[in-house]
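Below are the chains, spelled out letter by letter.
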Amino acid sequence: MTTVKDVSGQMYVNGQWVDAKSGKTFTVQNPATGEAVATVADGGAEDARLAITRASEAFKSWSRLAPVERSRVLEKAFKLMTDRRDELANLITLENGKPIEEAKKEVGFAVGYLDWFAGEARRVYGEMIPSHVANRRLWMIRQPVGVVAAITPWNFPATMITRKIAPALAAGCTVVLKPAEQTPLTALGIAKVFHEVGLPPGVLNVVTTLYPEEMGREFLVNRHVRKIAFTGSTEVGKLLMRAAADQLKRVSFELGGNAPFIVFDDADFDATVDAAVAIKYLRVAGQSCICANRVYVQEGIADRFTKAFVEKVKAIKVGTGFEPGVVVGPLINKDTLEKVDRLVQAAVKQGAKATAGGGPLKDGAFAKGNFYAPTVLQNVTEEMAVTREEIFGPVAPVLTFRTEQEVIERANNTTYGLASYLFTKDMGRVFRVAEALEYGLVGVNDAGGYTHETPFGGFKESGIGREGGKEGIEEYMEVKSVVVNLPK
Ligand code: ADP
């Protein structure tokens, strides 16, 4: 399966498949081969405006449905999207490049948000609040915020969407979704699922564009949009937050990270080496905001650990996503490849040593894609850009440390605060370090990341708000207090 037969490339507005008003289109490329995969509508402000208007009209009835009715639609979408796992994974591998088995896993995980929030829709409780006046009653209810503009990135083309639209729809909001220009096909495939299960027109709209700023501007100035839900770079997040301030739009952002992966002397050795490889290289080739960005190893096991780690990294199979056995695919585009290489070469110039990889892969089957060799850097210092910036590629800088207190300080010494990991068998240390790390997620002897049931999001400049868990749906609701004086 290497063709796109499941989506037309048209946008999804008000329950219909439509071209951009301008008639413009753009091409989606396979990052592994450089080949054109599909042609997609290149929408603009006018298309976004229409979708927002339709979403605003649809809000009137969708928000008033009994929660269980919204829940039923999400359950149906969960079932159909689960049935479509292989087709959607095919689209992901074509436009994002990740290995097909990883893409299937992603869809399997992405649908979980539909399932989880189908349940949460029915558990949006209010409260009766005791009044200090006998004849007065106070109650609190939660209501949907209104039209949500969702902006999603390319690294998890399915998960980043369901993690936003599932709680939004469950809460009673309607949505205009703008997927990343690199990966619009998966988003259109998901829209098709919702269309086929009978989601009413206008409740979910998907608008695509090659020029996100223009649509983004419409989202920000349009008064019908009450909330912006965004996952992407910290840089764009800040820009959106500044602009959203004009109308005090609600925001929830999941942004960049600089995850420390801390290995203590007493860690379960083999499991920890495997976890480090998994969280650094086997998630979209390191292009995930929760990927380990700095590996800290305690001095007592540093040599042994690094040797085993390097050996495993050298054995990683890189290639195009449909090739059997491939676990690391290409980077999304040339810019990303160049940025990753710039960080590596700058570190090497400052004294780091690449003990695995160390540069792009250009020969033979790699010639047309954006491939980077899985890389391990040793002799790394905290001053190097590779430990300060988000790498977003298959490169692990390894640093050593002596004491628990020292590594906590070094791990926290960053403007980011999304994910962190620590590996140890000492229970006291588990609590001390987990509590001291200034991160929204701490994996203890675990590199699996967040789950549907846990609230996920960032401290500091890694974001605002939480996705998943029971908190995830609250991001799409306003709290209203009702004060009632009973008639005498
Ligand atoms: P990345 O570096 O992961 O591509 P970006 O923050 O650039 O992260 O992109 C994430 C999402 O934000 C994508 O859907 C992209 O189209 C969108 N985006 C980028 N710039 C803007 C902008 N100025 N306004 C609105 N959306 C934007």
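Heads up: these notes are all about the structure in this document.

About the criteria used
- Position labels on residues start from 1 in each chain and follow its written sequence.
- In keeping with the model being predicted, local features are shown solely for residues with a pLDDT of at least 70 and side-chain atom pairs are shown and tallied solely at 80 or more, while totals for entire chains, interfaces and linings include all residues.
- Hydrogens and water molecules were not included; the side-chain quantities draw on all heavy atoms of the structure.
- Secondary structure counts use DSSP, requiring at least four H or I residues in a row for a helix and at least two E residues in a row for a strand, with both numbered from the N terminus.
- Computation of the radius of gyration draws on C-alpha atoms alone. For the globule rule, the value is 2.2 Å times the number of residues to the power 0.38.
- Relative accessibility decides the category of a residue: with a 1.4 Å probe and only protein chains considered, values under 20% of the type maximum give buried, values over 50% give exposed, and everything between is partly exposed.
- The contact criterion used is simple: two residues touch if any of their non-hydrogen atoms lie within 4.5 Å.
- Note on areas: Shrake-Rupley, 1.4 Å probe, and residue coverage restricted to the protein chains presented here.
- We treat Lys and Arg as the positive residues and Asp and Glu as the negative residues; His and chain ends play no part in the count.
- Charged groups are reduced to one reference atom each: NZ for lysine, CZ for arginine, CG for aspartic acid, CD for glutamic acid.
- Whether two strands pair comes down to DSSP finding at least two bridges between them.
- Within 3.5 Å is the distance limit for a polar contact, defined as a pair of N or O atoms, with the added protein rule that one can donate a hydrogen and the other accept it, and that residues adjacent in sequence qualify only through two side-chain atoms.

1. What to know about the overall build of the protein
A count of helices and strands for the protein gives 15 helices and 22 strands. Relative to the compact-globule value of 23 Å for 488 residues, the protein shows a C-alpha radius of gyration of 23 Å, a close match. If one aligns the C-alpha atoms of the protein with their principal axes, the spans along those axes are about 80 × 60 × 40 Å. Taking all 488 residues of the protein together, the buried fraction comes to 57%. If you take every contact in the protein between residues at least 6 apart in sequence, the share linking residues at least 24 apart comes to 73%. When the accessible surface of the protein is totalled, it reaches about 20,100 Å², and 52% of it is carbon and sulfur. Charge centroids of the protein, computed over 59 positive and 58 negative side chains, lie 5 Å from each other.

2. Let's talk about the pairing of strand E17 (residues 375-378)
Taken residue by residue, a regular strand's side chains alternate between the two faces of the sheet. Looking at chain direction, strand E14 (residues 353-356) and E17 are connected through three bridges and run antiparallel. Bridge assignment links Ala356 to a residue of E17, and that residue is Val376. Looking at chain direction, E17 and strand E18 (residues 395-401) are connected through three bridges and run parallel. Opposite Thr375, over in E18, you have Val395 as the bridge partner.

3. A short note on the side chain of Ser63
Relative to the assigned elements, Ser63 resides in the loop between helix H1 (45-62) and helix H2 (67-83). A polar contact is formed between the side chain of Ser63 and the backbone oxygen of Phe59, at a distance of 2.5 Å. If near-sequence neighbours (up to four positions away) are discounted, Ser63 is found in contact with Arg70, Pro144 and Gly172.

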